[in-house]
Amino acid sequence: MTSARIVVLGGDGIGPEVTEAALHVLGVAAKRGGKSFETRDELLGGIAIDATGEAMPERTREACVAADAVLLGAVGGPKWDDPRAKTRPEAGLLGLRKAMGVFANLRPVRLHAALADASPLRRDRIEGADMVFVRELTGGLYFGTPKGRAVENGVERAFDTLVYDQNEIERVVELAFRLAAPRKKKVTSVDKANVLESSRLWREIAVKVGARHGGISLEHQLVDSCAMKLLTHAKDFDVIVTENMFGDILTDEAAALAGSLGLLPSASLGEGPRGLYEPIHGSAPDIAGKGLANPVGAILSAAMLARHSLGWTDEAAAIERGVDVAIAKGARTRDLGGTLGTREMTNAVVDAMSQAA
Ligand code: ATP
Ligand code: MG
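Residues numbered from 1 in each chain as written. Chains lettered and ligands numbered in written order. Predicted model: local features only at pLDDT ≥ 70, side-chain atom pairs only at ≥ 80, totals over all residues.

Novice: Teacher, can you tell me more about the overall build of the protein chain here?
Specialist: Helix and strand content of the protein chain: 12 helices and 12 strands. Taking 21 Å as the expected radius of gyration for a compact globule of 357 residues, we find that the protein chain reaches 20 Å, a close match to that expectation. Here the C-alpha coordinates of the protein chain stretch approximately 65 × 50 × 40 Å along the principal axes. Residues counted as buried form 48% of the 357 residues belonging to the protein chain. For the protein chain, restricting intrachain contacts to residue pairs at least 6 apart in sequence, the fraction spanning at least 24 positions comes to 76%. (Helix = DSSP H or I, 4+ residues; strand = E, 2+ residues; numbered from the N terminus. Rg over C-alpha atoms; globule rule 2.2 N^0.38 Å. Buried ≥ 20, exposed ≤ 12 C-beta atoms within 10 Å, placed from the backbone. Contact = placed C-beta atoms within 7 Å.)

Set out below in structure tokens:
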């Protein structure tokens, strides 16, 4: 096989530090599996604004749509927070998602019993909890029109629109069912069908898609109830699929359960194998450049990249096992109450990969 092509967008703050760590681990896993990849660095976010005036330069767009996968660090920071600025780092990310045609944001959340001290949940509620959120990324309340302001009889009003068409729902729910097949074979579709018309359509389509996937169970949950059950019954979940805003809120809740933002990866996928992979944390300007960032979210993002975009199932599993073993043995960065820096944590994962093999 020819070498896989990965575009690397380190971005801002701790982004470059954690992507470097992730590529190091991916390199070790690839070498061991007799695979190879080449990387190309491009600019996105604040660093791109400084260099070119644009958050997503054309050169970056072209490189990303031609690559097998894109690994991103983080974008943004106080330097570019001026509300009067012509463009913002986050605009680069939105533009990139659009250019790549990704519509589903995957966020796996595995709770480690060894990290019970860092989680708000009790140890017995954590052990074995392993779920993946599939958040619809391009529609729903955040993008629906009309949205805006109006003054009527001297009273100011503001409005947003929650709208989905059947195709937008179908493609993201279909992806959720495919993800569930090699897992615990359970899809939880989250909506607010007792009050929202868009949720009633969501439910109908989920049932229709479910009928095509024998052997995978489908349950519906109202979003408020889901928010509660994440705290009380985290172990009951497998794949959770939901609309944009519900997913935004629920994934932050689930991230808090894991113990640190620094641990969690994400993937944004569309129809084909190409995807955009990034840790869920932001640019963490308070610790940028100090070598203190937890690289695990980025390392696990590289594992997702290997699995979903390159088809490197064994290499992905080896990386994930390495993370599990390193954490079980007590490797901790500062966000987890430990003392390790980014490099040391990365080395702990690499060492654990050799032992686990
Ligand atoms: P954004 O708006 O870009 O999502 P944010 O303001 O929500 O960013 P982060 O930049 O993720 O938040 O940082 C939130 C807090 O978590 C900060 O104190 C930061 O230092 C810490 N943090 C985030 N990521 C990591 C990491 N990988 N390792 C250690 N600490 C982290
Ligand atoms: Mg944030």
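Novice: Teacher, can you tell me more about the packing of helix α10 (residues 296-308) against helix α11 (residues 313-328) here?
Specialist: In a pair of packed helices, the angle between the axes and the distance between the axes together describe the arrangement. Closest axis-to-axis distance for the α10/α11 pair is 7 Å, and the angle between their directions is 160 degrees. One element, α10, and the other, α11, form an angle in the roughly antiparallel class. The crossing of α10 and α11 is left-handed. Of the residues in α11, those touching α10 at Val 296, Ile 299, Leu 300, Ala 302, Ala 303, Ala 306 and Arg 307 are Thr 313, Glu 315, Ala 316, Ile 319, Glu 320 and Val 323. Partitioned by chemical class, the residues of the contact of α10 with α11 number 9 nonpolar, 1 polar and 3 charged. (Axes fitted to C-alpha atoms, helices over the stretch in contact; angles between N-to-C directions. Parallel < 35°, antiparallel > 145°, perpendicular 65-115°, else oblique. Left-handed = near helix turned anticlockwise from the far one by under 90°. Nonpolar A, V, L, I, M, F, W, Y, C, P; charged D, E, K, R; others polar.)

Novice: How should the site of ligand 1 be read in this particular structure?
Specialist: With respect to spatial proximity, 15 residues lie near ligand 1, and among them Gly 262, His 281, Gly 282, Ala 284 and Asn 294 are the closest. Per-class residue counts for the shell around ligand 1 are 6 nonpolar, 7 polar and 2 charged. (Near = placed C-beta within 6 Å.)

Novice: Got a minute to help me understand the sheet that holds strand β5 (residues 130-136) in this structure?
Specialist: Across a sheet, strands are paired by hydrogen bonds formed along the backbone, either parallel or antiparallel in direction. The strand order across the open sheet built from 10 strands is β2-β1-β3-β12-β11-β4-β5-β10-β8-β9, with neighbouring strands paired in mixed fashion. At either end of the open sheet lies a strand with only one pairing partner, and these are β2 (37-41) and β9 (217-222). Adjacent strand axes in the sheet meet at a mean angle of 25 degrees when their direction is disregarded. Here strand β1 (residues 4-11) runs beside strand β3 (residues 69-74); their pairing, made up of 5 bridges, is parallel. Looking at the pairing, Val 7 lines up with Val 70 of β3. Packing of helix α8 (residues 223-232) onto the sheet brings it into contact with β8 (186-191) and β9, and relative to β9 it is tilted by some 105 degrees. (Pairing = 2+ DSSP bridges.)

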